[in-house]
Amino acid sequence: MARMQQQQVCSRGQRSSHLPLAFLTFLCFGAQHNQAVIQIPSNYHISDINSSPVIINPPKTIIVVGVEEFIMSCEASGNPQPSFTWTKDGHKFDPRSEPHLKVSEHPGSFEFKASNGSNMVNLKSYQGKYVCYATNNLGTAMSKEATLSIDGLPSLQKEKDSIFRATEGSNMTLKCNPPKSSMVPVIHWMDWKLRHIELSDRVMVGKDGNLYFANLKTTDSRDDYICNLQYMETRTILTKDPFTLEVKPSNSIVHNRRPQMVTPTGSSSTYLALRGQTLDLECIAQGLPTPRVTWLRKDGELSESRTVKESFNHRLRFLNVSESDGGEYQCIADNTQGKAKHTFMLTVEAAPYWIKEPVSQLYAAGETVRLDCQADGTPSPTIRWTVNGARLPENSKRIRVESGSLILEHVVFEDTAVYQCLASNKHGTIFTNTHVYVINLPPQILTKDGEIYSHIEGQRALLQCETFGSPKPKVTWEREGSLLLAEPRVNLLTSGALEIANVTLDDKGLYNCNVQNSNLSITAELEVFNRTVILSMPQDLKAQPGTSAVFTCKALVDPHFRDPQIQWRKDNQKLQESISDEKYTFDESDLIIADVNADDEGVYTCEVITSLDMAKADGTLTLIDRPDPPSRLLLADPDSRVVTLRWTPGDDHNSPVKDYVIEFEDQNLKERGWQKLKKVKSNKDHAVLSLRPYMSYKFRISAINEVGNSGPSQPSDIYNTSAEAPDKNPENVRSESVHPNTLVIAWKEMEKHEFNGPDFHYKVMWRRAVGSGPIWHENITKVPLVDFGDVGSFAAFEVKVQAANEKGDGPEPDPVIVYSGEDVPLEGPLVVGIDLKNSTTVEARWAPIDKEKVRGHLLGYKIHLTWKGYRFHHGHGSTDSENTIVEKTEPNEERKVISNLRPFSKYDLAVTVFNNKGEGPYSETVPFMTEEGVPGPPAFLSLRSPSETEMTMEWKPPVHPNGNLTGYVLQYQQITENDDSLIKEKTIDNPKITHHTLKGLDPHSSYRFYLSGRTAVGNGKPIMKTGATKSDALPMNITLSVGENLVNISWAVKRKHRHTDFQIHYRDDNESEWRKTEKLNSSQFFYQLQGLTPGSNYQLHFIYQKNAFFKTDVNTEKKAAMQQSFATQGWFISVVSAAVLLLLILLILCFIKRSKGGKYSVKDKEDGPMDSEARPMKDETFGEYSDLEEKQTASQPSLCDDSKLCSDNNLDFNGSSVVTSDLNLDESLISEISRPSAQEGFHSLPQNSTFNPVPVSSATNGVSNLVTIPD
């Protein structure tokens, strides 16, 4: 062995970059017990050190197909760099001396490959098993065997038979017969189009690659069954010649066949499998119907976790065979005709595998080394050792092998080497390289100086002082110059660390670690913090299904720790905040569980986590619900009116039962339903029930807990009680006498369950309260009412009503006083006087009536006030007829204040007395008059803006003047944004004036107008109207429709604007002078410009006050080349239709005019029904004034009176005669036609509407060619 000298190392604090990484890798494995093992930590400072070789990339098994190139390589590390040698089939092999190999050597690697020009003959001599050896002065490492195989490309042979014929129902096997090769192909059966043959439990591919048919169908006939062999190593696919299968239909009935095994043959077979391999057991059977294959293990249970069934259950696969899989397996193929079986005897053996591998380590000189090597396998492997790939030295007293372990006693530097442990049986050999390195190293402290250790009080503190050296260094710990071993909570560990148990706040400070016999030391600082304490722990919760539960967890944390983490767990499983279903929500220190259900029950843990500690507390969530109802109801210990009810409690669903409620149902009165009988405490399972006589009982029970009621149990058996005399009498005995001279006695009817027996009835006893003596009159009845006649009106009686049945009478009843029927009072009271309080209020006074004259219960007085009209007639007063109001008083009242009377009016007052029977006669009538008051509001107010700065108001006098009307007060105010303008006032002293025009108003402004009447008393309540000064309404949205010799023009106007007159000026391109239309009005909405030349361009100017507000050009249509029939001309049809429509409209207007009766006087207008202008206007439509009557008198004074348009004679349009007919139209329809609003003119109607005005020719008897519909 190579000699290894002691290495020199630098002092503590120096660092070397020359320590090989590979060396540290294999030297830093775990130490073994009972041996002085030295590990060189990665932070141990050393300048340089040698390392034994380690094979890091061993050669791999290679299969060479054809003349492909191969590379056999080996890589290793070590210091110094290792050299490489090879063996082939156990003999030395030097690739450098081989003529057909090319060698490539680099530091740490060696490879050889086939040289250029090599052929299969040359390369076949290199087939074999190769081992790589890496050597330096610290030893030799060897690799595992790698096999080199040389194989030619597989070649296909032509099949002798490629056509197969069979009869329907028989079985068939198409064999693939892959060529012999070291490579195993993957086999696919496909057709010409490279589509896989459809496999099933009837048609399948076996492990041997053959295609098996359990039975044939005529549909199996085809000429393209092709076997494809895929070689994964060479990435090639070989395609065999196609097979043709012809299936002939059977001429007779196809007979079923019992299953027969196709593969494997025979009744049993034996399989040997190695541990860790994948094994397939396969059964393929033929038969008709198609057999179904099942598997079982005869000597035990078939493991579903270790096996997989594939290929439609025909194949049983073991993915990772183990010794426990050895045994007897059976496949069974069965159909309706029988069964076929095959038994597999599976034996599982194992190639050698490691139980314990020796560990590469560093050792100090003089120590004893033990390398344990244990392997297992079937059969059991043998263990042997080599050193640097060679035999161990013989007759050595220090080196021996015991039970597979290699022992080296008192190692010296020369024992540094690579030792191989090999385990072998008939299935193979495994080995491992183990490195032994003997070296002496000076001590070093590996732990950093000044480390800070943070702990929570009560924890175990561990202050590290890791040292390394060979031999092992010894350390001591000090605090403030004193050794710490005397402290019972302090312990020095073998690793050099100082352990302090149950640290306190007093333990914080500086600690020193020293290496004995050296000047090496480090300082460690210990920090101690307050432990985390949970102040508010999660409470045990009870929740109902579907509700939410909230756990709260609040903790006290040392201020040193910021933002501690709160982690929630359920049954020790972490909870994550739900995003999709919002199941769990974390709200600071709260956990909110939504929609609680049975899965949410459990223990919830709150963990408050800091960087050093964790505090936790638990809370239990219990799902509670309504209890189940009791069961097994039993009746016991019966008595006459007592029975004991027993039951078995139901499940309380985690919420203790508080009470039981017992209900009963009378089987004779089922319509009354179930009634509550008794409530008992939860600690009872029985109850003694007090019952009523002569009843048929059923009982049921419900349980109540803090959640709710369980619902009722199943009812008990029926329990009947015996009859007894009544134990109570009827209640609420009273008089229900209505008619005079009669006595009607009534009482509350007793319930049937109070009868206590059969033949239940009432005994009614009565006598006069005064002067009748001790004799009682008696009456027997079964209904709760008796009546007697000829007893006088409102007379007092003593009455008793007693319950009775066939068992006897009830208890003696107490008498009550009742009265016979009332009669109307005999006279009225005396009116003492009437005091006038103001114009609308008086006070009436009267003397009380004698009680005997009331003839009943005095309910009060009625004051009758009759309005007789105003004190004198006035032209504008109300025409209301007499009306009477009635005021009621209490029985003890003798005066009454009456308000809301009409001022300046005459009244008659009379007083009556009333009781339950009715009113008595009227008292003497007393007349009086009310004083003059302020008038009511004017009857109506209308507004009209004749110009931009004027507003004309028209009104009617108040309906209720309440006195002599002396004039009016008009107030108005401009509406501004801040509503802060001044209110101006105009006094009108003439009460007969009913209109007024205000001038000098702001144009285009809105105003509020207040008008009130006046009397000598003062101003009355005003009527308010809002209006605006209006601008001229010019046509807008002008549209034109052009014909050959005319243009139809329509337009719209803005709402709330005054209609204006305008003209249209027009000329064609050949004219220099403008032609003008007659004056048009914006309210017309339509005009037809006629007399134009076809095919010409015309300029149109719309003129208002000599200015054009709209200009346009139009082109009239050219005249048609061919004239059609006159009767089919479009213009002729349009003119006739327009004439008919115009006639209809004119007739409607005439009908409206006549229905109004023509001219009427102002008096008729005032006294008649209120017209449209008198109707109240809604605020949202202010400013829309009705000027219908004005237009009828101004613009159309003779529409129906002076013109012949409304005569019974025929109307002549364009020389044609149109006969009018009587019209019977609904009045509401006529009203709608006669009063269209300006903003809803006919331009908004469809062109084919019945009420859309159509112009007529200008030659129609002097009538304008435009129909004006009044607004």
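See the structure above.
Residues numbered from 1 in each chain as written. Predicted model: local features only at pLDDT ≥ 70, side-chain atom pairs only at ≥ 80, totals over all residues. Heavy atoms only, no water.

1. Focus: the overall build of the protein chain
Argument step 1. Regarding its fold elements, the protein chain presents six helices and 98 strands.
Argument step 2. Across the 1271 residues that make up the protein chain, the buried fraction comes to 43%.
Argument step 3. Within the protein chain, contacts between residues at least 6 apart in sequence are counted, and of these 65% link residues at least 24 apart. (Helix = DSSP H or I, 4+ residues; strand = E, 2+ residues; numbered from the N terminus. Buried < 20%, exposed > 50% of the residue type's maximum accessible area, 1.4 Å probe, protein only. Contact = heavy atoms within 4.5 Å.)

2. Observations regarding the state of the cysteines
Argument step 1. Applying the stated criterion to the full structure yields six disulfides.
Argument step 2. Each sulfur in the disulfide pair cysteine 283 and cysteine 331 lies 1.7 Å from the other. As the torsion about the S-S bond is roughly -75°, the cysteine 283-cysteine 331 disulfide counts as left-handed. In this pair, cysteine 283 sits in the loop between β22 (279-282) and β23 (284-288) while cysteine 331 sits in strand β27 (residues 327-335), placing the two residues 48 residues apart along the sequence. Like cysteine 283, the residue cysteine 331 is buried in the burial classification.
Argument step 3. Sulfur-sulfur distance for the disulfide between cysteine 465 and cysteine 513 comes to 1.8 Å. Around the S-S axis, the bridge from cysteine 465 to cysteine 513 shows a dihedral of about -75° and counts as left-handed. With cysteine 465 in the loop between β40 (461-463) and β41 (467-470) and cysteine 513 in strand β46 (residues 509-515), the pair connects residues that are 48 residues apart, well separated along the chain. (Disulfide = S-S within 2.5 Å.)

3. Observations concerning the environment of glutamate 843
Argument step 1. When you line up the elements, glutamate 843 lands in strand β74 (residues 841-847).
Argument step 2. Non-local contacts of glutamate 843, meaning those with residues more than four positions away in its chain, are made with Gly833, Ile834, Asp835, Lys837, Arg895, Lys896 and Val897.

4. Brief notes about the pairing of strand β42 (residues 475-479)
Argument step 1. With four bridges joining them, β42 and β46 adopt antiparallel strand pairing. When the bridges of β46 are listed, threonine 476 appears paired with asparagine 514.
Argument step 2. Strand direction decides the pairing type here: β42 and strand β43 (residues 482-483), joined by two bridges, are antiparallel. Among the inter-strand pairings, arginine 479 is bridged to a residue of β43, identified as serine 482. (Pairing = 2+ DSSP bridges.)

5. Considerations on the side chain of arginine 202
Argument step 1. Along the chain, the position of arginine 202 falls in the loop between β14 (186-190) and β15 (203-205).
Argument step 2. For arginine 202, a relative accessible area of 12% corresponds to the buried category.
Argument step 3. A polar contact is formed between the side chain of arginine 202 and the backbone oxygen of asparagine 215, at a distance of 2.7 Å.
Argument step 4. Setting aside chain neighbours within four positions, we find arginine 202 in contact with Tyr212, Phe213, Ala214, Asn215, Leu216, Lys217, Asp220 and Thr290. (Polar contact = N/O pair within 3.5 Å; in protein donor to acceptor, adjacent residues only side chain to side chain.)

6. Remarks on the nonpolar core
Argument step 1. Phe70, Met72, Trp86, Phe112, Tyr130 and Leu148 are the most contacted members of the largest nonpolar core, which totals 25 residues.
Argument step 2. Among the secondary structure elements, those contributing two or more residues to this core are β3 (62-65), β4 (71-79), β5 (83-88), β8 (109-114), α2 (120-124), β9 (128-136) and β11 (146-151).
Argument step 3. Counting residues in hydrophobic clusters, the runner-up holds 22 residues, among them Tyr584, Val596, Cys606 and Leu621. (Core = buried A, V, L, I, M, F, W, Y, C linked by side-chain atoms within 4.5 Å.)

7. A word on the packing of aromatic side chains
Argument step 1. Going through the model one piece at a time under the given rule, you end up with 36 aromatic pairs.
Argument step 2. Ring geometry for tyrosine 44 against phenylalanine 468: centres 4.8 Å apart, planes inclined by 75°, an arrangement best described as edge-to-face. Of the two residues, tyrosine 44 sits in the loop between β1 (37-38) and β2 (51-57) while phenylalanine 468 sits in strand β41, which places them 424 residues apart along the sequence. Like phenylalanine 468, tyrosine 44 is buried.
Argument step 3. An aromatic cluster is built from Phe84, Trp86, Phe93, Phe110, Phe112 and Tyr130, whose rings are joined through pairwise contacts.
Argument step 4. Residue placement shows arginine 902 over the ring face of tryptophan 867; its charged tip is 4.1 Å from the ring centre. (Phe/Tyr/Trp six-rings, centres within 6.5 Å; stacked < 30°, edge-to-face > 60°. Lys NZ or Arg CZ within 6 Å of the ring centre and 35° of its normal.)

8. Concerning the sheet that holds strand β65 (residues 734-735)
Argument step 1. The strand order β65-β66-β69 describes an open sheet built from three strands, whose pairing is antiparallel. In this open sheet, the two strands that pair with only one neighbour each are β65 and β69 (785-789).
Argument step 2. The pairing of β65 with strand β66 (residues 742-746) spans two bridges and is classified as antiparallel. Its bridge partner being in β66, arginine 734 is matched across the sheet by alanine 746.

Geometric descriptors of this kind do not, in isolation, establish any biological role.
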